[in-house]
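Below, each chain spelled out in residue letters.
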Amino acid sequence: MDVHLKNLFSRFQEQFGSGPGLGPGSGTCLMNVDGVTPLAIKSLYRAAAALYRTNAWKRLRPGHFFGVRVGKDSDWSCKKQPFPCLQFIGGDGGDLGFYMFRSESEAVKMTGLRETIRVPNVEVFRVTYMEGDLLLPSHRRMIKSLVLEVSGDGRFPVFDVARCTSTGELQFRNPSFEELKYIFIIMKAISLVHPLLQQETDSGPKWSRLIYFEPFIETVDIQLPPGIVEGNNDLVAVTVSHPPGQGYDERTSSTANSTPTKSLEPEKEETFEDVKENVTDIFRQCAVCNKDVRGEELVCCASCRAVVYCGTPCLELHWEETHRNMCGLYKAVMEREEELEMKIFVFPCSVEQPCKWLELLGIHLKGMWRRKCNCYSHCSYGLLPADDGISYSWGGLNEDEYPHDSPFESRSRDGMSSPILYRWSDYYSLRSLPLSSPVADILSHPFTVYHILTAVDTNSKNLLLHGKEVTVHYVGPEAELDWIPAFTEISHVLNEMGNINLVMVGPGVPTNLSGTTIGIGSRIRVNLVRGLYQEESMYLPTPHVFVALNCRLESYSSWGGALELIKSMGIPAYFTDQTEILCLNARQVLHSSGLHVTHSVTPNPFRSPVRNHRPSDNLPSYSNAFLFGVNT
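Described in the following lines is the structure provided in the data block. (Residues numbered from 1 in each chain as written. Predicted model: local features only at pLDDT ≥ 70, side-chain atom pairs only at ≥ 80, totals over all residues. Heavy atoms only, no water.)

1. Things to note about unusual backbone geometry
For step 1, the next point in the chain: For the bond running from His242 to Pro243, omega is -5°, close enough to zero to count as cis.
For step 2, the next point in the chain: Mapped onto the elements of the fold, Pro243 is located in the loop between β8 (235-242) and β9 (283-285).
For step 3, the next point in the chain: A positive phi angle, close to 55°, is found at Asn55, a residue other than glycine.
For step 4, the next point in the chain: Positionally, Asn55 belongs in the loop between α2 (38-53) and β1 (66-70).
For step 5, the next point in the chain: For Asn55, a relative accessible area of 41% gives the class partly exposed.
For step 6, the next point in the chain: The phi torsion at Leu365 lies on the positive side, around 65°, for a residue other than glycine.
For step 7, the next point in the chain: Mapped onto the secondary structure, Leu365 falls in the loop between α8 (354-361) and α9 (389-393).
For step 8, the next point in the chain: Under the relative-accessibility criterion, Leu365 is labelled partly exposed at 39%. (Helix = DSSP H or I, 4+ residues; strand = E, 2+ residues; numbered from the N terminus. Buried < 20%, exposed > 50% of the residue type's maximum accessible area, 1.4 Å probe, protein only.)

2. A few points about helix α6 (residues 312-334)
For step 1, the next point in the chain: For α6, spanning 23 residues, the distance from its first C-alpha to its last is only 21 Å, which falls clearly below the expected 33 Å at 1.5 Å a residue.
For step 2, the next point in the chain: Its maximal kink placed at His323, α6 deviates by approximately 80°.
For step 3, the next point in the chain: Considered for burial, the residues of α6 that qualify are Cys314, Leu315, His318, Trp319, His323, Cys327, Gly328, Leu329, Tyr330, Ala332, Val333 and Met334.
For step 4, the next point in the chain: Contacts made by the buried residues of α6 are with β7 (216-223), β8, β11 (299-300), β12 (308-309), α7 (337-340) and α16 (580-592). (Expected span 1.5 Å × (residues − 1). Bend = angle between axes of the 7 residues up to and from the residue. Contact = heavy atoms within 4.5 Å.)

3. As for the nonpolar core
For step 1, the next point in the chain: Phe88, Met100 and Phe159 are the most contacted members of the largest nonpolar core, which has 61 residues in total.
For step 2, the next point in the chain: Per-element accounting of this core gives the leading share, 11 residues, to helix α5 (residues 177-193).
For step 3, the next point in the chain: With sequence-adjacent residues up to four places away left out, Phe159 is seen in contact with Thr28, Leu30, Leu44, Tyr45, Ala48, Phe125, Arg126, Val127, Pro175, Leu180, Ile183 and Met187. (Core = buried A, V, L, I, M, F, W, Y, C linked by side-chain atoms within 4.5 Å.)

4. Focus: the pattern of salt bridges
For step 1, the next point in the chain: Across all of its chains, the model carries 13 salt bridges by this definition.
For step 2, the next point in the chain: Glu149 is paired through a salt bridge with Arg53; the nearest N and O atoms lie 3.1 Å apart. With a gap of 96 residues between them, Glu149 in the loop between α4 (137-146) and β5 (155-164) and Arg53 in helix α2 connect regions that are remote in the sequence.
For step 3, the next point in the chain: Judged by its relative accessible area of 28%, Glu149 is partly exposed.
For step 4, the next point in the chain: Exposure remark for Arg53: the relative accessible area of 53% places this residue in the exposed category.
For step 5, the next point in the chain: One connected set of salt bridges, linked through shared partners, spans Arg102, Glu123, Arg173 and Glu179. (Salt bridge = Lys/Arg side-chain N within 4 Å of Asp/Glu carboxyl O.)

5. Re the packing of aromatic side chains
For step 1, the next point in the chain: Evaluated as defined, the whole model comprises 27 aromatic pairs.
For step 2, the next point in the chain: Seen from their ring centres, Phe83 and Phe125 are 5.8 Å apart, and the 75° between their planes marks the pair as edge-to-face. Of this pair, Phe83 sits in the loop between β1 and β2 (85-89) while Phe125 sits in strand β4 (residues 123-131), and the two are 42 residues apart along the sequence. Comparing Phe83 with Phe125 shows no difference in burial state: the two are buried.
For step 3, the next point in the chain: Among the aromatic side chains, those forming a connected cluster through ring pairs are Phe345, Phe347, Trp424, Tyr427, Tyr428, Phe447, Tyr450 and Phe606.
For step 4, the next point in the chain: Over the face of the ring belonging to Tyr376 we find Arg370, whose NZ or CZ atom lies 5.4 Å from the ring centre. (Phe/Tyr/Trp six-rings, centres within 6.5 Å; stacked < 30°, edge-to-face > 60°. Lys NZ or Arg CZ within 6 Å of the ring centre and 35° of its normal.)

6. Describing the sheet that holds β4
For step 1, the next point in the chain: Pairing is antiparallel in the open sheet, where eight strands are placed in the order β6-β5-β4-β3-β2-β1-β8-β7. In this open sheet, the two edge strands, each paired with only one partner strand, are β6 (170-173) and β7. Adjacent strand axes in the sheet meet at a mean angle of 30°, parallel and antiparallel pairs treated alike.
For step 2, the next point in the chain: Here two bridges tie β1 to β2, and the two strands are oriented antiparallel to one another. What sits directly across from Gly67, in β2, is Cys85.
For step 3, the next point in the chain: The sheet strands contacting α2 are β2, β3 (96-101), β4 and β5, and the helix crosses β5 at an angle near 100°. (Pairing = 2+ DSSP bridges. Axes fitted to C-alpha atoms, helices over the stretch in contact; angles between N-to-C directions.)

This is the structure we're talking about:
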């Protein structure tokens with residue numbers, strides 16, 4: 001009898017709710033939503049199941065509010081986010097699901113200590129996970145006929161919009177198709193993001209069972225599946241913050257973080273004949289067969305225009321095998337090219353063939369520029385034939401086109417005697433260099449380090465401003481070993497600030513240079529160490545900052561040990577890469593190593609202005625293009 005009563009009470013709780021929640025699911029049914037298709041319903045149930053399996057309710061309670069932002073406000077019919085505040089309910093019992101509110105203030109009003117407060121005239125989008133045998137017959141028929149995915153423990157999601165009347169009664173309505181699209185995107189994004197929340201220690205009353213988390217904001221790209229996608233948009237950026245209200249600047253330009261993009265297979269008849277590369281004297285490689293093809297004969301994907309082929313057969317094969325899933329992301333990256341392009345420079349900034357580019361500038365096979373093509377690939381990094389003086393290092397540029405080994409004039413900025421530079425235009429103006437000078441291409445490496453230490457990492461900046469020394473572990477140097485003279489500029493820019501001990505560690509350091517120390521100017525000391533970072537770190541001075549430029553984390557298995565060490569040391573670590581695709585891959589590697597990207601991926605103001613092509617694609621690739629950090 002006791003068992004029977006216990007089961008009966010459990011079923012009563014499931015059906016009528018206890019604790020936070022508005023009670024049982026309503027009689028709404030997705031099949032009655034205008035514009036919805038069976039394919040869209042299947043996608044919604046798959047997304048709901050994926051979220052359920054993350055077990056968000058293990059840590060999250062109704063008091064944890066999340067701010068969500070999907071694309072731009074103008075993307076939605078009401079010109080604002082439909083339900084931009086989210087909470088999970090049921091972690092302590094009762095209805096299990098999550099609620100979406102039109103504002104954080106409405107969420108606060110409806111959240112009580114032990115129950116959801118019914119506030120008149122407030123609409124709530126509910127996704128409630130209910131046991132299959134408690135569903136209404138219409139839901140069960142829909143699940144059976146469409147073979148919808150179960151979320152787990154025999155539960156299925158119920159989607160509806162609830163509103164409390166002035167008399168305290170609940171009214172329900174079907175969500176609109178646009179609202180379902182919004183919730184689909186939120187479910188996909190929150191399932192990726194909420195596991196990244198870091199518990200905040202020594203916060204909140206000790207008697208409270210509520211876990212407190214550190215402030216958090218993350219942006220992820222969500223691919224919309226067939227059935228959910230509308231019009232030309234199938235890739236959308238979603239920003240999730242906890243608590244709501246973390247800073248987010250809406251972009252007005254077309255960027256991967258603000259503008260959804262389309263990824264559909266182009267029509268066979270018009271795909272490739274109109275999308276020809278119009279450069280006739282350049283050879284590229286087909287992405288499938290690696291065949292060298294002259295520019296006028298190349299075709300590229302008509303949707304993203306990022307991948308090139310020798311002809312239609314290779315394009316169609318690549319589409320079926322892999323490109324179909326990546327096309328939308330590639331298009332989003334291509335749309336950022338205008339944002340990444342630096343239009344202030346007047347020298348050629350697009351490089352198809354490095355040797356021809358260097359010849360055009362009159363610096364081929366000269367000075368530090370010898371590392372910008374493969375003509376000296378037979379020489380180990382750091383062992384180019386010796387030069388005489390920094391003027392020759394800059395490859396015979398005109399006298400006024402390269403920085404001379406001399407200090408800057410002291411200029412006051414922000415109340416400090418030493419200048420803090422924030423972009424290339426600042427540097428070129430301070431050095432009185434013409435914008436026809438290509439030195440920014442090589443200076444990208446030293447000035448990216450400078451930017452990290454003076455504008456991104458607060459602790460390093462404070463140390464330098466107080467005249468202290470900052471130790472930087474610079475991991476994986478290659479061509480930089482031949483660009484050491486360019487790092488002289490950091491010494492001059494620091495002027496009256498502190499010093500930098502730059503420890504360059506990596507297998508690219510030649511054996512006969514390992515263990516040497518190079519003094520650059522009056523404020524930079526470079527130590528060279530050959531070997532893997534995780535094996536040599538115990539012999540190195542304790543770092544303030546870890547830096548890896550153009551790191552390609554996913555390409556080298558040896559990064560695994562280095563990332564484990566960085567995680568255990570807990571020091572701020574900063575990475576750059578050449579394309580946004582590589583940055584996304586790097587973030588996945590970092591997450592799999594237990595490291596969380598805490599400094600958002602942003603365009604680096606001191607990236608190289610010179611765009612390079614990989615043989616088989618058109619993706620905009622700039623040295624040190626994107627910067628992101630961990631443990632920051």
